[in-house]
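Secondary and tertiary structure notes
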Amino acid sequence: MKFTTPATTNPIDRQRYVGQPLDRIDGPLKCTGTAPYAYEHHKEVPNAAHGFVVGSSIAKGRIASIEIDAARRAPGVLAVVTAANAGKLGKGDKNVAHLLAGPKVEHYHQAVALVVAETFEQARAAAALVRVKYVEEKGRFDLAAEKDKAVKPDWEDDPSDSSAGNFQRGFDTAPVKLDATYTTPDQSHAMMEPHASTALWEGDKLTVWTSNQMINWCVQDLSKTLNMPKEKVRVISPYVGGGFGSKLFLRADALLASLGARAAKRPVKVALHRHLIFNNTTHRPATIQRIRIGAGRDGRITAIGHESWNGNLPKGSSEVATQQTRLLYAGADRMTATRVALIDLPEGNAMRAPGEAPGMMALEIAIDEMAEKLNIDPVQFRILNDTKVDPEKPIRKFSERRFVECMRMGAEKFGWNKRNPKPGQAREGRWLIGYGVASAFRNSPVMKSAARVRLAKDGKVIVETDMTDIGTGSYTIIGQTAAEMLGVPLERVEVRLGDSTFPTSAGSGGQWGANSSTSGVYAACAKLRELVAKELGVAEREAEFVDGTVRAGGRNLPLAQAAAGGELVAEDTIEFSGGLDKKNQLSTFGAHFVEVAVDAITGETRVRRMLAVCAAGRILNPKQARSQVIGAMTMGVGGALMEHLVVDKRLGFFANHDLATYEVPVHADIPHQEVIFLKEEDELSSPMKAKGVGELGICGVAAAVANAVYNATGVRVREYPITLDKLIEKMPLSA
């Protein structure tokens, strides 16, 4: 099915199931511990051995020698895998560094060996016996020091720079100007479930149960790394305990489990421990961002420029923190630029809302600073500079843009009119009280996605697609889509996900997963409706599928009757090749409001209230969507106040590489969170008229916290995270 024209009335509009706040159908399995994660497929893979990864203790150089004999002789050891005995390996398209080092070492804790033993404890003990001698090379670990050597990334598909009008002239002649620099630190995904895999060889065929967000990408890169046909690689990932972008790609656990299983001639389980998760896998890279804004005295932005620098390994992706600046606010004279410096730290890559999340952390403080210069309320300043078209290409309109409504509703619900615009004035005892606001923005791309739908003889519907559920509720919204399209109760729909033998879906990432994957199911169900109508001898365009029956031409026939002669199977793919997403800008919008209290003596910051108002197309399941948004808001608080991978600039690694020292929010840090979804149906987005929302919820939160801290204290912090040491010496003297 090609989505080439705007969606019109279709069965999804009934919203008997779609759009309802239904409980997650996988909830009971997860609550009872019976949902098998990647390390837990004991029934399918009995008698599995255990692998333990040895990570490099240098950040850059080469392996001079590696001694594994003592490890091989250790109790229970079945095999020791290194680059020297693993056979010729390729490299996946989406991996920047090799997943198994040797002889070259590209970053700290890059895997150098895998020890396989009968038990985990035996593997871990034997791994300590592996002796590696390195020839260390001088590395580059400081973004600020390398910033002036950063280059425009010419290896990426999307242009890293943009312009419209004449930014420099517009900025220079603006009556009111801001020129400020902001920094965001390296951050870790820190998901609950570690990167984990179980591998099994059957002859020359490989099956890997792994924790992965994008099944097809994993198959392609695993087969390429192992130099084997992808048809002989099967990847299964039915449940994923959090990913946030770190599990988009093939990682060392899957590759090493495969190599270990081949060497030991046994199934092998590999899970990366926390230190390896922080330094071996990907992370959100640090940024330095310079923002310049020029405006007339009437408050209208005339010029806006945003430059961003980040570091990465050679050919590593850039953190395009300027994306939202191209689209969020009006202004004729514009410029954005992204530069990447060569840094020998572990690979920087996608983390929840890559680009917009760190970009909004900077832009939305700058917008508040500009509003103060103009003596305009921050909410009104944002509303004043709204745009209905792409500011760089005014002929392109937004498919839907309810940004102003989000701002106004949020201000009313939050009680913004009670805010004292003069910083440091509101107080409760020793606590200074502040209100902060920030816009929320995230693009909403769509991706090709396929599904297979079966109608069994008993009328049960089975949906198969390699889409993953990373805690986002994919099982439920896909089930709701099939129930709506075929008119059966949700309990009569079985959803099967995360298997590369199923049709290739969009996968989970980039805020495209829910909208795209349900659209693929919609397409398959539409084809199945045609088959059912043909079997029942009715016209499909007149047929109404409801309550397990098909009604047409005055007849009311059981849906199951269509499969009386055998199971009906339909498979289809949604393709967004018509250009609707190119001719129109598909984006999601929102507004974040935060109240904080800052201890006037210590500078301790506590978040007291949070509100998000979101406009993100049709909400497929409000209960699940709310969970996604409040989870994202929680991550935003972490980014604002605590999350910071500390770089050891001598040795080139993240020093706080565990959950004891890399702080993330806990329940006591997070107050009640309120989420409001505006009613919106985007007919240009997909047949579902939906968009993504799971990443919108983080975009702007940190800046709203920062702006609230400024309102409370009068201290403007431009360097995240906002820790008390950055406040305490500048607190109001009246404290």
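Attention in this report is confined to the structure presented alongside it. (Residues numbered from 1 in each chain as written. Predicted model: local features only at pLDDT ≥ 70, side-chain atom pairs only at ≥ 80, totals over all residues. Heavy atoms only, no water.)

Some words on helix H12 (residues 474-486)
- Spanning 13 residues, H12 covers 18 Å between terminal C-alpha atoms, matching the ideal 18 Å at 1.5 Å per step.
- Once H12 finishes, Gly-487 follows within two positions and takes phi at roughly 65°, a positive value. (Helix = DSSP H or I, 4+ residues; strand = E, 2+ residues; numbered from the N terminus. Expected span 1.5 Å × (residues − 1).)

Notes on the sheet that holds strand S2 (residues 61-67)
- Spatially, three strands are ordered S4-S2-S6 in an open sheet, and the strand pairing comes out antiparallel. With partners counted over all chains shown, the strands left at the sheet margins are strand S4 (104-105) and strand S6 (131-136), one partner each.
- Bridging between S2 and S6 involves six bridges; their strand directions are antiparallel. From the neighbouring strand, Gly-61 faces S6, where its bridge partner is Glu-136. (Pairing = 2+ DSSP bridges.)

Points about empty space enclosed by the protein
- Taken as a whole and judged by the stated rule, the model has two cavities of 30 Å³ or more.
- Considering the residues around the largest cavity, the lining is formed by Gln-187, Arg-284, Met-351, Ala-357, Met-361, Met-635, Gly-636, Gly-639, Glu-643, Ile-698, Gly-700 and Ala-702.
- Secondary-structure elements contributing two or more residues to the lining of the largest cavity are helix H9 (356-374) and helix H15 (622-641).
- The greatest single-element share of the lining of the largest cavity, amounting to three residues, is contributed by H15.
- Its residues assigned to classes, the lining of the largest cavity shows six nonpolar, four polar and two charged.
- The space that makes up the second largest cavity amounts to roughly 50 Å³.
- For the second largest cavity, the full set of lining residues is His-195, Ser-197, Thr-210, Ser-211, Asn-212, Cys-218, Lys-247, Phe-249, Arg-251, Asp-253 and Ala-254.
- Within the lining of the second largest cavity, the residues separate by chemical class into three nonpolar, five polar and three charged. (1 Å grid on protein atoms, 1.4 Å probe; cavity = no way out; pocket = protein on both sides within 12 Å on 5 of 7 lines; lining within 4 Å. Points joined across faces, edges and corners; volume = space filled by probe spheres on them. Nonpolar A, V, L, I, M, F, W, Y, C, P; charged D, E, K, R; others polar.)

Some thoughts on the sheet that holds strand S13 (residues 287-295)
- Across the sheet, five strands lie side by side as S7-S15-S14-S13-S8; this open sheet has mixed pairing. Of all the strands in the sheet, just strand S7 (162-164) and strand S8 (176-184) have a single pairing partner and so form its edges. If you compare each strand with its neighbour and ignore which way they point, the axes differ by 10° on average.
- As paired strands, strand S14 (residues 301-312) and strand S15 (residues 333-342) are joined by ten bridges and run parallel to one another. Each bridged residue has a counterpart across the sheet, and for Gly-305 the counterpart in S15 is Met-335.
- Those strands touched by H9 are S8, S13 and S14, and its axis lies near 150° from that of S8. (Axes fitted to C-alpha atoms, helices over the stretch in contact; angles between N-to-C directions. Contact = heavy atoms within 4.5 Å.)

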